[in-house]
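Analysis of the macromolecular model
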Amino acid sequence: MANLDWVCVPRSYEVRKNHLAGQATLEHPLKQQSVTQVVDSNPLSRALEGTDPLSQFARQDEELNDPLSPQKVSELDLKSKRRERDRTEPEDNTLQWSSRRLGILNRFTTNEKLSLSTSFLVASGSLDGGSESIKAHTVVADKTKYRLEQLDHFDDGSMRHMMDLTQQEYIQRFEQLKQELIQSWHNDQRVKALKIAIQCAKMLADTTVLQFYPSQYVLITDILDVFGKLVYDRLRSKASGDPGAVSAATLEREREAARDTCQNWFYKIASIRELLPRLYLEMSIFKCYEFLSSSREEYEKVLHRLTHQLRGIADPLVSSYARCYLVRMGVTLTPSKTYIRENFKDLFIIYPQIFRFVARFNLHPEIVTASSYLQLYAPAFDYMFLCLVHRCELHTQDMLAECKQLKNNGAILMSILSSFKSEFIATNALEFIELINASETPGISKSQLLRSLGSCVSSCAPLQEQRMTFLKTAFETINKLTDPNEYINCVETWAVFVSQYFTVHEVNRLLGELNARMCLGKAYEKHYSQLQNILSRIMQNYRSIELLLIQPNFLPYLDLFQKESVRVEVCKNILSYYKQNSEEYTSDAVVTNALMYLGKILNDSVNALTVEDERRQISQLINVFIHKVYFGRDLEQQLSFYVEARGTFSNLDAVYVTLVHAACKLATRNRSKSTGFVKACIAYCFITIPSIGAVQQQMDLYLLCGQLALQHLCLGQADACFEAALNLVNELPAATIDFEGKPRSLERFLVSYLCNMLATLIVVPDSPDQGVLYFLRLLLEVVGRHEFKTDSTAPSTIYLHCLDMLYVQSLEKFPYHIRGVVSNDDLYGHDPKFLAEVNNMCGQVVDALLLQLKSLGVAQQQRSQAELALELFLKIVRYADLEKESVAQLAVNLWLLANKAQSQLDVKTLPQTLRSVEVLYKQVKDASPKQAQAIASLLLRMRNS
């Protein structure tokens, strides 16, 4: 189409905006509408209050079934009060044994083989009477006789010994025993259930595998608890009677029968020959005493009797856990603490006996160490102390005084620190530190006691006037610890107390002491996790992260982390805390240098093997503190900081992107009339952008910087940015990988980007060194060289927008300008030579579009070809002089081409296109009769064709 005589016609009509007609309103359209009830004037409706009789009956049924109706609420209140009265478990969760059960099972484990003796985990047919159903004995006398015979036949002849069980197998066997007990009970085999409970209780005397005994105690007492609950529920159902019975005499007889049954159970248990199972089973059904007596004095008498009987258990470990079980059962029925106090008196009497075992284990540490042996007592002692001081502080001072009198009181002191309220420990903090200093307990080190004390005072600090004395006294003891492991564990606990209740000077001193102590013999190499935890706790609990960063011992503390992966993790944690807890902005040079030091460590850790997610995390942390560094009106210092950051974070593209945006934002803050500082910012960006690896990001940033330069009248810098952006187009990859790992084409991005570029180039004046419309020529050249897909419509879209841009260049006045920038409309003043050049370029663009039409036809893309033909047809009708025969003929040919693919297009497309031409005719017929006549001629030719 070299003979195409394209001439741009001037716009002879005004562009009018069709505004949406508004409507005045007094209410917000998003306001919730209130529903107004309309009262019916029908008298029948008023008589029924707006409802029909069937609706009334349905509403009454709903109210009767509604759980929130007054009648139902009152019934629920009565039921809840009855349940409240019948509840026997303590309401406060602090005394719930179930909350401690899992912790004990996880803490006390073993790799040794375990043994179990029982007669209920073998074939049921081999047991003496084990499979016979008691239900066959229908006569009460026969049933009683049979049960007594079963108890008489309970000997060791049927016992089976299971040896070499692993811990998991051992737990599974006990679970089977529990299920066997429940099944026997529900099958009305009460004696068999009792025998299972007795055999389980007897196993509590077995301390062969010492380190597993607390877990063994938990497993067996679970079975005893189930047995006690079954007995209690059975007696309660008997005592409540038949719901249909209304006679008071009948109810009284049933209650009397329940009391007799309860006494019968206690008599059965009292007939057990061995002490330990007899005591455990009586304690397991201790709740049942409420069927015999409702007096708390009676409960206390029974508890004191059981306490005295427990003195017959020789092994101190077995005795301690038996007393723990007694206390656990007792707190469910009485708030009295006297029996617990008496149990502690007995414990303190046998307490020295514990250390005879400790001395024995010191000679044979292969069995169990002294420290591990004393830890076995901790769950029992802790729970007993907790029950003693729960809602009652009468005995706290007495227990502390008795603890002082004990020799080797470390185990008791540990339990006191674990169980007593933090307020009491804080009030007597100095007394506790003296006790710890004086404690010399085998198996309980001072570091263990100090850690427990540190945990207590961290949650509740001593009095203000005692804190400094207390801290000095405590750290005098901590600093005397020679074992680095004990020292670092103590400091890890006390770091919370120091950072929470003291000034930054004490925190700095703590970091300095840690640094000096852990450098001895390179002890830090074995304690990276503790050192990291200490730093995290200090940052979590101290008020200002900025004050920590400027302390002399803070950055040297990081030198303890010689392992690169650990050091990187620590720096990430510090910057994360800074991100969450710092001030909005900082201008302190020391803080800035510290943050730059941390960021450099992270930047240097990034290499070619670093995963993308790690790069993103590190970049986000560094970007946060870059945004927080703010020097106010000192713009030169701010730019100097960005220059330093560019040199420091050379491995992170995302940080470079942030720096370019920050520099652009900084340029907009310039209030001086001189453009020197803006040019410096743009030069910084121009130097920084090539270091970014992603071509797509480079192109975006070049365009942004060019637009910024143009706004601040830096035309030379704007030209350089636009030219650099266009030269990158052919380096743009065909596709990129999205976050799902799938390839994503970049053609849509390129089209959007170049359209944005064309909109900007409208107001860019031509440089005298480059010639007319240099950037548009460069863009067309770049698009012509770029490799698009065969069936792609991207080049066609770009060329159509180029026609739009060229038509705007032909107008006497551009639709928009940038203040201070002399655009081509003012620069050329509608010069004929300039217009001739614009018309010539329009012809070149149309030729390129015709080539695109041809390639689409070859590719059998009829729909895309027809759509492009219509788009070009409308551009010609609006922009070109249709009086030129070559242009008019081209328009007609494009219309005919689109009509050939009419079946491929939407049915409304061609009629709407024709209507658009008619509307254009009406717009120009008065202002430009010649152009209107040419359009009318074109319409006639279109209809005739």
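Just above sits the structure.
The sections below set out a description of the structure shown in this document. Here, residues in each chain are numbered from 1, in the same order as that chain's written sequence. Given that the model is predicted, a residue must reach a pLDDT of at least 70 before its local features are reported, and side-chain atom pairs must reach 80 or more before they are shown or counted; all residues, however, enter totals for whole chains, interfaces and linings. Only hydrogens and water are removed before side-chain values are computed, so all heavy atoms of the structure are retained for them.

**Looking at the packing of aromatic side chains**
- Any two rings among Phe, Tyr and Trp, with Trp reduced to its six-membered ring, count as a pair given centres within 6.5 Å; such a pair is stacked if its planes are under 30 degrees apart, edge-to-face if over 60, and tilted if neither. Going through the model one piece at a time under the given rule, you end up with 41 aromatic pairs.
- Measuring from centroid to centroid gives 5.8 Å for Phe 227 and Trp 265, while their planes differ by 80°, and the two rings are edge-to-face. Note that Phe 227 is positioned in helix H8 (residues 213-240) and Trp 265 in helix H9 (residues 248-270), a separation of 38 residues in sequence.
- Using a 1.4 Å probe on the protein chains alone, a residue whose accessible area is under 20% of its type maximum counts as buried, one over 50% counts as exposed, and one in between counts as partly exposed. Judged by its relative accessible area of 0%, Phe 227 is buried.
- Across from the ring centre of Tyr 232, 5.9 Å away, lies the NZ or CZ of Lys 287, which sits over that ring.
- Definition used: whenever NZ (Lys) or CZ (Arg) falls within 6 Å of the ring centre and also within 35 degrees of the ring normal, the charge is taken to sit over that ring. Lying across the ring of Tyr 487, Arg 517 places its NZ or CZ 4.3 Å from the centre. Helix numbers and strand numbers start at the N terminus; a helix is a DSSP run of H or I with at least 4 residues, a strand a run of E with at least 2.

**Examining the side chain of Asp 382**
- Its location among the elements puts Asp 382 in helix H15 (residues 378-389).
- Here Asp 382 sits buried without a salt bridge, and the closest side chain of opposite charge, Arg 100, lies 5.1 Å off (N-O distance).
- Pairs of N or O atoms are called polar contacts if they sit within 3.5 Å, as long as, within protein, a hydrogen donor faces a hydrogen acceptor (for residues adjacent in sequence, only side-chain-to-side-chain pairs). A polar side-chain atom of Asp 382 sits 2.8 Å from a polar atom in the side chain of Ser 415. Charged residues are defined here as Lys and Arg on the positive side and Asp and Glu on the negative side; His and the ends of the chain fall outside this count. Any Lys or Arg side-chain nitrogen found within 4 Å of a carboxyl oxygen on Asp or Glu counts as a salt bridge.

**Remarks on the nonpolar core**
- Of all hydrophobic cores here, the largest spans 309 residues; its most connected members are Tyr 280 and Phe 625.
- With 14 residues, the top contributor of residues to this core is H8.
- Where each domain starts and ends comes from a domain assignment, either automatic or drawn from a database. Counting residues domain by domain, this core receives three or more from each of domain 1 (752-850) and domain 2 (860-944). Only buried Ala, Val, Leu, Ile, Met, Phe, Trp, Tyr and Cys residues count toward a nonpolar core, and they belong to the same one when joined by side-chain atoms within 4.5 Å.

**Description of helix H11 (residues 296-309)**
- Between its first and last C-alpha, H11 extends 20 Å over 14 residues, near the 20 Å set by a 1.5 Å rise per residue.
- Among the residues of H11, those classed as buried are Tyr 299, Val 302, Leu 303, Leu 306 and Thr 307. Across the axial projection of H11, the buried residues extend over an arc of 140°, all falling on one side. Exposed side chains of H11 directed beyond 90 degrees from the buried face belong to Glu 297 and Lys 301. Take the residue count of a helix, subtract one, and multiply by 1.5 Å to get its expected span. In this context, the arc is that of the directions from the helix axis out to the C-beta atoms.

**Re the pattern of salt bridges**
- Following the criterion strictly, the structure yields 32 salt bridges and no others.
- Salt-bridge contacts for Asp 346 lead to Arg 311; the nearest nitrogen and oxygen are separated by 3.0 Å. In this pair, Asp 346 sits in helix H13 (residues 338-363) while Arg 311 sits in the loop between H11 and helix H12 (316-330), placing the two residues 35 residues apart along the sequence.
- By relative accessible area, Arg 311 is classed as partly exposed at 46%.
- A salt bridge links Glu 837 to Arg 777, with the shortest nitrogen-to-oxygen separation between them at 2.0 Å. With Glu 837 in helix H39 (residues 832-858) and Arg 777 in helix H36 (residues 774-785), this residue pair connects regions lying 60 residues apart in the sequence.
- For Arg 777, a relative accessible area of 30% gives the class partly exposed.
- A network of salt bridges, in which partner residues are shared, links Glu 252, Arg 255, Glu 256 and Arg 259.

**Some remarks on the environment of Met 596**
- Within the secondary structure layout, Met 596 lies in helix H28 (residues 589-604).
- Judged by its relative accessible area of 5%, Met 596 is buried.
- Along the sequence, Met 596 and Glu 644 sit 48 residues apart, while their C-alpha atoms lie 9.1 Å from each other.

**Topic: unusual backbone geometry**
- Phi at Leu 773 is positive, roughly 45°, even though this residue is not glycine.
- Along the polypeptide, Leu 773 turns up in the loop between helix H35 (747-761) and H36.

So far we have only geometry, and geometry alone does not tell us how the molecule works.
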